[in-house]
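Chain by chain, the residues:
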Amino acid sequence: MRIGFVQVISAELRSNRRLVRCSSSAAAEIFSSKKLPVIYSDKFLQHDAGRPHPERPARVAAIKQRLGEDEEISESVCFLEPSADEDTTLKFISEVHYEDYVDQVKRLSGYGDVRSLDGDTYVNGATYNTAVTAARAWMDAVDYAYKTGRPAFALTRPPGHHATIATGMGFCIFCNAAIASAYAIKELGLSKISILDWDVHHGNGTEAWAKTNPQVRMTSSHQYPFYPFTGAEADVGMHNNIKNVALSAESNWSTLGPRFRNEMLPFISGEGWEEPDLVIVSAGYDALAVDPLAQVELDPEDFATMTREILTHLGHGRVVFGLEGGYHLDGISEAFAMTVDECIKFVREKELG
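Residues numbered from 1 in each chain as written. Predicted model: local features only at pLDDT ≥ 70, side-chain atom pairs only at ≥ 80, totals over all residues. Heavy atoms only, no water.

## Considerations on the environment of Met338
Locating Met338 in the fold gives a position in helix H12 (residues 329–352). Between the alpha carbons of Met338 and Thr305 there is a distance of 9.0 Å; along the sequence they are 33 residues apart. Among all residues touching Met338, those that are not within four sequence positions of it are Pro300, Glu301 and Ala304. (Helix = DSSP H or I, 4+ residues; strand = E, 2+ residues; numbered from the N terminus. Contact = heavy atoms within 4.5 Å.)

## What about the pattern of salt bridges?
What the rule picks out here adds up to 17 salt bridges. For Asp70, the salt bridge is made with Arg66, and the minimal N-O distance between the two is 3.8 Å. Classification of Arg66 by relative accessible area gives buried; the value is 19%. Among the salt bridges present, the one from Glu334 reaches Arg66, with a minimum N-O distance of 2.9 Å. Here the residue Glu334 occupies a position in helix H12, and Arg66 occupies one in helix H3 (residues 58–69), the gap between them amounting to 268 residues. On the basis of relative accessibility, which here comes to 25%, the residue Glu334 falls in the partly exposed class. Through salt bridges with shared partners, a single ionic network connects Arg136, Asp140, Asp143 and Lys147. (Salt bridge = Lys/Arg side-chain N within 4 Å of Asp/Glu carboxyl O. Buried < 20%, exposed > 50% of the residue type's maximum accessible area, 1.4 Å probe, protein only.)

## Some remarks on H3
Look at H3: 16 Å from first C-alpha to last across 12 residues, which is about the 16 Å you get at 1.5 Å a residue. Burial analysis of H3 places 10 of its 12 residues in the buried class, which makes it a mostly covered element. Within H3 the residues assigned to the buried category are Ala58, Arg59, Val60, Ala61, Ala62, Ile63, Lys64, Arg66, Leu67 and Gly68. (Expected span 1.5 Å × (residues − 1).)

## Remarks on the pairing of strand E10 (residues 319–323)
When you tally the buried positions in E10, you get five out of five residues, the bulk of the element. Burial along E10 is two-sided: Val319, Phe321 and Leu323 facing one way and Val320 and Gly322 facing the other are all buried. For strand E9 (residues 278–283) and E10, the ladder comprises five bridges, and the chain directions are parallel. The partner of Ile280 across the bridge, within E10, is Val320. With respect to chirality, the unit in which E9 leads through helix H11 (residues 300–314) into the neighbouring parallel E10 is right-handed. (Pairing = 2+ DSSP bridges. Right-handed = clockwise from strand over helix to strand, strands pointing away.)

## Structural notes on a negative patch on the surface
Negative charge collects at one region of the surface, where Asp85, Glu86, Asp87 and Glu187 lie side by side. Within the fold, Asp87 resides in helix H5 (residues 86–96). Residue Asp87 is classed as exposed on the basis of its relative accessible area of 66%. (Patch = residues over 30% accessible without salt bridge, like charges linked within 9 Å, V, L, I, M, F, W, Y side chains within 5 Å. Areas by Shrake-Rupley, 256 points an atom, 1.4 Å probe, with all protein chains shown as cover. Lys, Arg positive; Asp, Glu negative; His and termini not counted. Charge placed at Lys NZ, Arg CZ, Asp CG, Glu CD.)

## Remarks on the nonpolar core
Judged by nonpolar contacts, the single largest core of 104 residues is most densely connected at Phe174, Trp198, Ile280 and Tyr285. Top contributing element to this core by residue count: helix H7 (residues 127–148), with 12 residues. If we skip the residues at most four places from it in the chain, Phe174 touches Ile93, His97, Tyr101, Val102, Val105, Tyr128, Ala131, Val132, Pro159, Gly160, Ala163 and Ile179. (Core = buried A, V, L, I, M, F, W, Y, C linked by side-chain atoms within 4.5 Å.)

## A look at the sheet that holds strand E1 (residues 36–39)
The strand order across the open sheet built from eight strands is E2-E1-E5-E10-E9-E6-E7-E8, with neighbouring strands paired in parallel fashion. Single-partner strands in this sheet number two, and they are strand E2 (77–80) and strand E8 (242–247). For this sheet, the mean inter-axis angle between neighbouring strands, taken without regard to orientation, is 15°. The pairing of E1 with E2 spans four bridges and is parallel. Of the residues in E2, the one forming a bridge with Val38 is Phe79. (Axes fitted to C-alpha atoms, helices over the stretch in contact; angles between N-to-C directions.)

In structure tokens:
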């Protein structure tokens, strides 16, 4: 059974001695250490359809295992449990979603069995707590990235960028990128947040929130026309703060690369939007050629390139990378590891500087 597989994977990962799980005191000390935080909880294994489904616990298990297999990465990151401030987390979830919808997720989860929000998106007995914890992980990553000036990672599920103000969809429950941005603006007092979404599916939920907020800029590269059938390049938002880069099926880095460098990077920092306080990357890896749910043909190395070019363009590490989609286990784990590795290299070069 698939649940048994998840339990085995979880046990193997907990026994992997290379992975460093920081204590609460060590978490406080990370602000003065050179380790990069990966916000993760085994709770993220509990949201489970109980049947074959692309958005499954093995996604984060495979990534965590891959990070532990790389000695350089495992010595350079610190795994942290999300903080336990549920009241603040729910406050900012409610900044992005109607309370009736949040209550609906809680009620459906309370039944204990598997229920559906739509044809793609399920809720089980653990979903509400798991999704709240995931939102908190993104908020914690904002804290670490902004306060240390070094990249931070939210290794979370379920994903979030399709969730709208009123409902979940596309495997997503709460819109983590929007929640993290709202937290950065209202709790930390930041004035300029940039969101870059490289998931192959357009982040319609994030965009719907961002385009009404003049303190946010969002750019997205995605297959188009394709699910969720939003993200046209003509959509720029009421504050001209949206840039969509639409990719046809079978696009690869030769198509995306020039547009990433010449359009997306200047949009998140430049073009009258110099020096944003923070950049949030909705890091989905379903634009990989091996991914079963789309037809864009990127390689893991292309995500390393994008990571390196984001950091180099900004000249600082105040960047949050939060997991969105990606459904081929080997592909997503390799691409995520390359993302982390580029951040480690950037920090080392910057500090040796």
